[in-house]
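Okay, here's what each chain looks like letter by letter:
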Amino acid sequence: MSFLNNTKILLTTIILSSALLGCASSPPHPIALKIDQDMVRIDGGKYLMGSDASEAKKAEKPAHLVMVNDFYISKFEVTQELFESVMGSSLSYFQSPDIPVNNLSWQQANFFIKKLNEMTGETYRLPTEAEWEYAARGGNASQGYAYSGSNNIDEVAWYSKNANNQAHPVGMKHPNELGLYDMTGNVGEFVSDAYDDNFYRFSPKDNPNNARDEASGLAHKTVRGSSFSYNANESENYRRDFASQSIIMSDMGLRLVKDAQ
């Protein structure tokens, strides 16, 4: 076989191999690219979850040591622009592309994530309650603030005294130690855990998660971060609240998380 023929065979092999590699690694979906550029990698670690303060509720006690793995979390609550790019529309009571999607239920939040993952091929999810509180407290960079990023709630949150009883565009207040915005106030954030006011008493130490797949529409799910309708003394990082998984509330939204590879 001539040198010329050998060269042609080699070039053909290289071209075919390149084409196959290109097919095997398609570029990320544009929506996923936009989400991921606003995600922060959180280095896992140990922290005291909950509180033993006298003003803490039964469900927020006792303070207990937990450990979470590395994960990614969005800097911002899911906006109406993002939600509607997947779902086509939303029922948000306070409307604007840069305002967090609101007026939705835990079930609707999870349906959005399901559709988002089908569209993008990604594995976004709600945070666990332990991941959420760890991130709100500032993770390994925590300064021990009462609210997410400050001891002065006005610096970091839209809450009952400054929000005029409405949601506001994301990212307008100061971020916390990890660069996360609106972890306190604006809209409350659904997590994956079912709400159990005794869970802290028997919570596992490693990556606790009280997720349950409930058939009943009355099943309660945990909500974190307070909202624009909560007072300052209801908004500390350890505070827990709940809502039926099917009820639609004007001050409830969500934030996306993804496992670290």
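About the thresholds
Residues numbered from 1 in each chain as written. Predicted model: local features only at pLDDT ≥ 70, side-chain atom pairs only at ≥ 80, totals over all residues. Heavy atoms only, no water. Helix = DSSP H or I, 4+ residues; strand = E, 2+ residues; numbered from the N terminus. Buried < 20%, exposed > 50% of the residue type's maximum accessible area, 1.4 Å probe, protein only. Contact = heavy atoms within 4.5 Å. Areas by Shrake-Rupley, 256 points an atom, 1.4 Å probe, with all protein chains shown as cover. Core = buried A, V, L, I, M, F, W, Y, C linked by side-chain atoms within 4.5 Å. Salt bridge = Lys/Arg side-chain N within 4 Å of Asp/Glu carboxyl O. Pairing = 2+ DSSP bridges. Axes fitted to C-alpha atoms, helices over the stretch in contact; angles between N-to-C directions. Parallel < 35°, antiparallel > 145°, perpendicular 65-115°, else oblique. Left-handed = near helix turned anticlockwise from the far one by under 90°. Nonpolar A, V, L, I, M, F, W, Y, C, P; charged D, E, K, R; others polar.

Visitor: Describe the overall build of the protein, and please don't skip the residues or the numbers.
Guide: Per the secondary structure count, the protein includes seven helices and nine strands. Per-residue burial over the protein gives 46% buried out of 261 residues. Counting contacts in the protein only where the partners sit at least 6 residues apart, residues at least 24 apart contribute 73% of the total. Carbon and sulfur atoms form 54% of the exposed surface of the protein, whose accessible area is close to 12,600 Å².

Visitor: So, the nonpolar core: which residues are in play, and what are the values?
Guide: Counting residues in hydrophobic clusters, the biggest one holds 23 residues, and the most contacted among them are Phe112, Leu254 and Leu256. Top element by residues in this core is helix α4 (residues 106–120). It accounts for five residues. With residues up to four places along the chain from it excluded, the contact list for Leu256 reads Ile35, Met39, Tyr72, Ile73, Ser74, Val78, Leu82, Phe112, Ile113, Leu116, Tyr124 and Arg125. One finds Met49, Phe71, Tyr134 and Tyr200 within the second-largest nonpolar core, a separate group that totals 19 residues.

Visitor: Describe the side chain of Glu129, with residues and values.
Guide: When you line up the elements, Glu129 lands in helix α5 (residues 129–137). Once residues within four sequence positions are removed from consideration, Glu129 is found in contact with Met49, Val191, Asp193, Tyr200, Thr222, Arg224 and Arg240.

Visitor: Which residues make up α5, and what values do they have?
Guide: α5 sits mainly inside the fold: eight of its nine residues count as buried. Along α5, the positions that sit buried rather than exposed are Glu129, Ala130, Glu131, Trp132, Glu133, Tyr134, Ala135 and Ala136. Phi for Gly138, located one or two positions after α5, is positive at around 105°.

Visitor: Summarise the pattern of salt bridges; cite the residues concerned and give the values.
Guide: Summed over the entire model, instances satisfying the criterion amount to 17 salt bridges. Salt-bridge contacts for Asp36 lead to Lys258; the nearest nitrogen and oxygen are separated by 3.1 Å. Separated by 222 residues along the polypeptide, Asp36 in helix α2 (residues 30–36) and Lys258 in strand β9 (residues 257–259) bring together distant segments of the chain. Of the residues examined, Asp36 reaches a relative accessible area of 29% and is grouped as partly exposed. Given the relative accessible area of 11%, Lys258 is considered buried. Across the pair Asp43 and Arg41 runs a salt bridge, and its minimum N-O distance is 4.0 Å. Note on Arg41: relative accessible area 37%, which makes it partly exposed. Each of Glu129, Glu133, Arg137, Arg224 and Arg240 takes part in salt bridges that share partners, so that together they form one network.

Visitor: Can you lay out the sheet that holds β9 for me, pointing to particular residues and giving the numbers?
Guide: With antiparallel pairing, the three strands of this open sheet are ordered in space as β1-β4-β9. Edge positions in the sheet fall to β1 (39–42) and β9, since each has one partner strand and no second. In this sheet, neighbouring strand axes are inclined to one another by 25° on average, regardless of whether the strands run parallel or antiparallel. Of the strand pairs in this sheet, β1 and strand β4 (residues 71–74) are connected by four bridges, and their pairing is antiparallel. Bridge pairing in β4 links Ile42 to Phe71. Contacts from α5 reach β1, β4 and β9, with the element oriented near 70° to β4.

Visitor: Talk me through the packing of helix α3 (residues 80–87) against α4; I want residue IDs and the actual numbers.
Guide: In a packed pair of helices, the relevant descriptors are the angle between the two axes and the axis-to-axis distance. Axis separation between α3 and α4 bottoms out at 9 Å; the angle between their running directions is 65°. As the angle between them shows, α3 and α4 are arranged roughly perpendicular. Judged by the sense of rotation from one axis to the other, the crossing of α3 with α4 is left-handed. Between α3, through Leu82, Phe83, Ser85, Val86 and Met87, and α4, the contact on the second element is made entirely by Phe111, Phe112, Lys115, Leu116 and Met119. Looking at the contact of α3 with α4 residue by residue, the classes come out as eight nonpolar, one polar and one charged.

Visitor: Explain the sheet that holds strand β6 (residues 220–224) to me, using residue names and the numbers behind them.
Guide: If you walk across this open sheet you meet the four strands as β7-β6-β5-β8, and the pairing is mixed. Only two strands of the sheet have a single neighbouring strand rather than two, namely β7 (241–244) and β8 (252–253). Sheet topology places β6 next to β7; four bridges connect them, and they run antiparallel. What sits directly across from Thr222, in β7, is Phe242.

Visitor: I'd like a description of the environment of Met67, backed by residues and values.
Guide: Here Met67 lies in strand β3 (residues 64–68). In sequence terms Met67 and Glu131 are 64 residues apart; their C-alpha atoms lie 9.0 Å from each other. With near-sequence residues (within four places) excluded, Met67 lies in contact with Gly45, Lys46, Lys205, Asp206, Asn207 and Pro208.

As far as function goes, none of this settles anything; it's purely spatial.
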